[in-house]
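Residue-level structural notes
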Amino acid sequence: MKILVTGGLGFIGSHTTVELQNKGYEVIIIDDLSNSTEKVLDGIVAITGKRPIFEKIDLKDRTKVEDFFKRHQDVAGVIHFAASKAVGESVEKPLLYYENNIGTLVYLLKELAKKDKSSFIFSSSCTVYGQADKMPITESAPVKMAESPYGNTKQMGEEIIRDTCKVTPGINAIALRYFNPMGAHPSAEIGELPIGVPQNLVPFITQTGMGIREKLSVFGDDYPTVDGTCIRDYIHVVDLAKAHVVALERLMNGKNPDNYEVFNVGTGKGSSVLEVIKSFEKVSGKKLNYKIVDRRPGDITSAYADTTKANKVLGWKAESTLDEAMKSAWLWEEKIRK
């Protein structure tokens, strides 16, 4: 079966492409290379022995999206990663995020609505919960007013998909609300490769450990947590990639009772920023240079998942520990710097 992976050369997209190819699917990647590079294809080939089809397309160009689906009418499923994803940047550039994250989703769904049947996996986020009232967070937790434009695009994205599924029975969709992906493939052939200054914690840590960044800024130590720093649920990217394949197969095998479903994807365990730093120091043997600074706009105090539904209904569970994920991130950083 032919599967389209948008943003397939990005961090999570490339790992999901590997897992799809390992299970025998034919993958087509669409990526505009705004936050990735074609060299990622070589890493995918090194792991799987197969080169996915790649088309450089900006999904904001509706005519190119229409043309793609005319040429690839046998696409059975779509996993949609392509989006801008940094909380801090979204606060500074909201219109960029609304254009890139919402417009592209609408164009994809319009094309899928033309098909008799299609399976759609949406890359959503725990940011839809805002600062949840209770931990761990279940799928039934209320979706609160977003703390950032990025979070708002994920909320709106889910609403658009849900509304579309109500009137388009041929579209079967799952939104995966995942928490904080980290790490790299154990082969160190692919991993997180941010262009410019990293927007995520772990690559900033590994780059600081490598001496590329002078120091890590820890945004606030006065939160009501065990050590005053923010708590997140850090999940190994390979575990996360496998969740996408399981979700896609659920839809393609008709196991979904409803044509729109939502699942949390995390480990179920929260780790503070300082605990993540300690994990890095443990697996690398290096002391990290970091400094406590003021809080960052848009950050919430704590977010970690209740994964009961994903474990029991979806049949998926995260396997890797924080230290294992951090070790893979550090091995990847060491490799790309060599």
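These lines cover the structure that appears in this document, whether it is placed above or below. (Residues numbered from 1 in each chain as written. Predicted model: local features only at pLDDT ≥ 70, side-chain atom pairs only at ≥ 80, totals over all residues. Heavy atoms only, no water.)

Concerning the overall build of the protein
Within the protein, the secondary structure is distributed over 11 helices and 14 strands. Its C-alpha radius of gyration of 19 Å places the protein within 12% of the 20 Å reference for a compact globule of 338 residues. Its C-alpha atoms give the protein principal-axis dimensions of about 55 × 45 × 40 Å. Taking the contacts inside the protein whose residues are at least 6 apart along the sequence as the reference set, 80% of them involve residues at least 24 apart. Surface accessibility of the protein: about 14,700 Å² in total, with carbon and sulfur atoms responsible for 49%. Once the 44 positive and 44 negative side-chain charges of the protein are each reduced to a mean point, those two points are 2 Å apart. (Helix = DSSP H or I, 4+ residues; strand = E, 2+ residues; numbered from the N terminus. Rg over C-alpha atoms; globule rule 2.2 N^0.38 Å. Contact = heavy atoms within 4.5 Å. Areas by Shrake-Rupley, 256 points an atom, 1.4 Å probe, with all protein chains shown as cover. Lys, Arg positive; Asp, Glu negative; His and termini not counted. Charge placed at Lys NZ, Arg CZ, Asp CG, Glu CD.)

Examining the sheet that holds strand S14 (residues 302-303)
In a beta sheet, neighbouring strands pair by backbone hydrogen bonds and run either parallel or antiparallel. Taken in spatial order, the 3 strands line up as S12-S9-S14 in an open sheet, and their pairing is mixed. A single partner strand is all that each edge strand has here, and the edge strands are strand S12 (271-272) and S14. Of the pairings in the sheet, the one linking strand S9 (residues 231-232) to S14 comprises 2 bridges and is parallel in character. Bridging from a neighbouring strand, Arg232 pairs with Ala303 of S14. (Pairing = 2+ DSSP bridges.)

Here we look at the nonpolar core
Within the largest apolar cluster, 37 residues are counted, with the highest numbers of intra-cluster contacts made by Ile3, Leu20, Ile121, Leu176, Val265 and Trp316. Going through the elements one at a time, strand S1 (2-6), helix H1 (11-22), strand S2 (26-31), helix H2 (40-48), strand S6 (171-178), helix H8 (237-252), strand S11 (260-265) and helix H10 (308-314) are the ones with two or more residues in this core. Broken down by element, this core gets its largest block of residues, 9 residues, from H8. Discounting residues that sit within four places of it in the chain, Ile121 has contacts with Val78, Ile79, His80, Ile174, Leu176, His244, Ala247, Leu248 and Leu251. (Core = buried A, V, L, I, M, F, W, Y, C linked by side-chain atoms within 4.5 Å. Buried < 20%, exposed > 50% of the residue type's maximum accessible area, 1.4 Å probe, protein only.)

Things to note about the side chain of Thr6
By secondary structure assignment, the location of Thr6 is in strand S1. A distance of 3.2 Å separates the side chain of Thr6 from the backbone nitrogen of Ala82, its partner in a polar contact. For Thr6, the contacting residues outside a window of four places in its chain are Ile30, Leu59, Val78, Ile79, His80, Phe81, Ala82 and Leu108. (Polar contact = N/O pair within 3.5 Å; in protein donor to acceptor, adjacent residues only side chain to side chain.)

So, H2
Residues Val40, Leu41, Gly43 and Ile44 constitute the buried set of H2. The arc that holds every buried residue of H2, seen down its axis, measures 160°, which confines them to one face. Structurally, H2 contributes buried residues whose contacts are with H1, S2 and strand S3 (53-56). (Arc of directions from axis to C-beta.)

Quick look at the packing of aromatic side chains
Each pair of aromatic rings is reported with the distance of its centres and the angle of its planes. All told, the structure shown has 2 aromatic pairs when counted by the stated rule. Consider the rings of Phe68 and Phe69, whose centres lie 5.3 Å apart with planes at 85°: the pair is edge-to-face. For the pair Phe280 and Trp330, a centre-to-centre distance of 5.1 Å together with 85° between the ring planes defines the contact as edge-to-face. Of this pair, Phe280 sits in helix H9 (residues 273-284) while Trp330 sits in helix H11 (residues 322-337), placing them 50 residues apart in sequence. For the pair Phe280 and Trp330, a shared accessibility class is recorded, and that class is buried. Across the ring face of Tyr223, the terminal group of Arg295 is positioned such that the distance to the ring centre comes to 3.8 Å. (Phe/Tyr/Trp six-rings, centres within 6.5 Å; stacked < 30°, edge-to-face > 60°. Lys NZ or Arg CZ within 6 Å of the ring centre and 35° of its normal.)

Side note on the sheet that holds S1
Taken together, 7 strands build an open sheet; the order of strands is S3-S2-S1-S4-S5-S6-S11 and the sheet is parallel. The outermost strands of the open sheet, each flanked by one partner alone, are S3 and S11. Within this sheet the neighbouring strands show an average axis-to-axis angle of 20°, counted without direction. Packed onto the sheet, H8 meets S1, strand S4 (75-80), strand S5 (118-125), S6 and S11 and runs at close to 160° relative to S6. (Axes fitted to C-alpha atoms, helices over the stretch in contact; angles between N-to-C directions.)

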